[in-house]
Amino acid sequence: MNKVLIINSSVRNEKSHSRKLTQLFEENWKAKNPSDIFTYREVGLKQIPAINEKWIASAFVKPENRTEENQSGVELSDKLIKEFKEHDIYILGTPMYNWSIPSGLKSYIDQLMRINET
Ligand SMILES: Cc1cc2nc3c(=O)[nH]c(=O)nc-3n(C[C@H](O)[C@H](O)[C@H](O)COP(=O)(O)O)c2cc1C
């Protein structure tokens, strides 16, 4: 049994092609792996905040030395990292916006990539 995390990053919903593709992938995958569990992480319709100075200051403090202020700086990041590590397989649905990935997906990656964590 694998845990599969589907990450959707389009800012469109019903009209999104990338969402249709991740859905199609899920349907096909489930047919072959019926016991696998799927979770969705939304980073397009719900914006993930960009990292900021408080986040950076917090990320470089060891967990045991973090103040409450530090802790609040990485709270969302901790939650996203925990979710990410709980999964085995990742399916990423993304448009291309101006030769790059959507800003929500970039913010998600920035929140995930942490010293001593990932
Ligand atoms: C603001 C914007 C910028 C885009 N920039 C590019 C681009 O640089 N290169 C490209 O091939 N397609 C580009 N596209 C096309 C999208 O990648 C394409 O429409 C894709 O299907 C969008 O994903 P979605 O259907 O899941 O919303 C752009 C679309 C939008 C709305």
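In what follows, the accompanying structure is described. This one's a predicted model, so the numbers in the text were calculated from it and none came from an experiment. (Residues numbered from 1 in each chain as written. Predicted model: local features only at pLDDT ≥ 70, side-chain atom pairs only at ≥ 80, totals over all residues. Heavy atoms only, no water.)

### What to know about the overall build of the protein chain
Okay, step 1: Scanning the protein chain for helices and strands turns up 5 helices and 3 strands.
Okay, step 2: By principal-axis analysis of the C-alpha atoms, the protein chain measures approximately 45 × 35 × 20 Å.
Okay, step 3: Counting over 118 residues, the protein chain shows a buried share of 36%.
Okay, step 4: Within the protein chain, residue pairs in contact and separated by at least 24 positions form 74% of the contacts whose partners lie at least 6 positions apart.
Okay, step 5: A total of about 7700 Å² of accessible surface is found on the protein chain, and carbon and sulfur atoms cover 56% of it.
Okay, step 6: Side chains of the protein chain give 17 positive and 16 negative charges; the mean places of these two sets differ by 5 Å. (Helix = DSSP H or I, 4+ residues; strand = E, 2+ residues; numbered from the N terminus. Buried < 20%, exposed > 50% of the residue type's maximum accessible area, 1.4 Å probe, protein only. Contact = heavy atoms within 4.5 Å. Areas by Shrake-Rupley, 256 points an atom, 1.4 Å probe, with all protein chains shown as cover. Lys, Arg positive; Asp, Glu negative; His and termini not counted. Charge placed at Lys NZ, Arg CZ, Asp CG, Glu CD.)

### Side note on the site of the ligand
Okay, step 1: Taken together, Ser10, Arg12, Ser16, His17, Ser18, Pro95, Met96, Tyr97, Asn98 and Trp99 form the complete shell of residues around the ligand.
Okay, step 2: Contact between the ligand and Asn98: a nitrogen atom at 2.8 Å from a main-chain N or O atom of the residue.
Okay, step 3: One of the backbone N or O atoms of Trp99 is found 2.8 Å from an oxygen atom in the ligand.
Okay, step 4: Relative to its unbound accessible area of 630 Å², the ligand is 58% covered by the protein chains. (Near = heavy atom within 4 Å. Polar contact = N/O pair within 3.5 Å; in protein donor to acceptor, adjacent residues only side chain to side chain.)

### Looking at the nonpolar core
Okay, step 1: Grouped together as the largest cluster of nonpolar side chains are 9 residues: Leu5, Ile7, Val43, Ile48, Leu80, Ile81, Leu105, Tyr108 and Leu112.
Okay, step 2: At the level of elements, β1 (3-8), α4 (75-85) and α5 (103-112) are the ones that each hand at least two residues to this core.
Okay, step 3: The biggest single contributor to this core is α5, with 3 residues.
Okay, step 4: The contact partners of Leu112, leaving out residues within four places of it in the chain, are Leu80, Ile81, Phe84 and Thr118.
Okay, step 5: With 5 residues, the next largest nonpolar core counts Val4, Phe38, Ile89 and Ile91 among its residues. (Core = buried A, V, L, I, M, F, W, Y, C linked by side-chain atoms within 4.5 Å.)

### Looking at unusual backbone geometry
Okay, step 1: Even without a glycine there, the phi angle at Trp99 is positive, about 65°.
Okay, step 2: The residue Asn116 is not glycine, and still its phi comes out positive at about 65°.
Okay, step 3: Locating Asn116 in the fold gives a position in the segment after α5.
Okay, step 4: Using a relative accessible area of 76% as the deciding quantity, one classes Asn116 as exposed.

### Digging into the sheet that holds β1
Okay, step 1: Taken in spatial order, the 3 strands make up an open sheet running β2-β1-β3, and their pairing is parallel. Edge strands, defined here as strands with exactly one partner in the open sheet, are β2 (37-42) and β3 (89-93). Here the average twist between neighbouring strands, direction ignored, is 20°.
Okay, step 2: As defined by bridge partners, β1 adjoins β3 across 5 bridges and the pair is classed as parallel. Looking at the pairing, Ile7 lines up with Leu92 of β3.
Okay, step 3: Across the face of the sheet, α4 comes into contact with β1, β2 and β3 while running at roughly 150° to β2. (Pairing = 2+ DSSP bridges. Axes fitted to C-alpha atoms, helices over the stretch in contact; angles between N-to-C directions.)

### Quick look at the environment of Lys46
Okay, step 1: Relative to the assigned elements, Lys46 resides in the loop between β2 and α2 (53-59).
Okay, step 2: Note: C-alpha distance between Lys46 and Ser10 (36 residues apart in sequence) is 9.9 Å.

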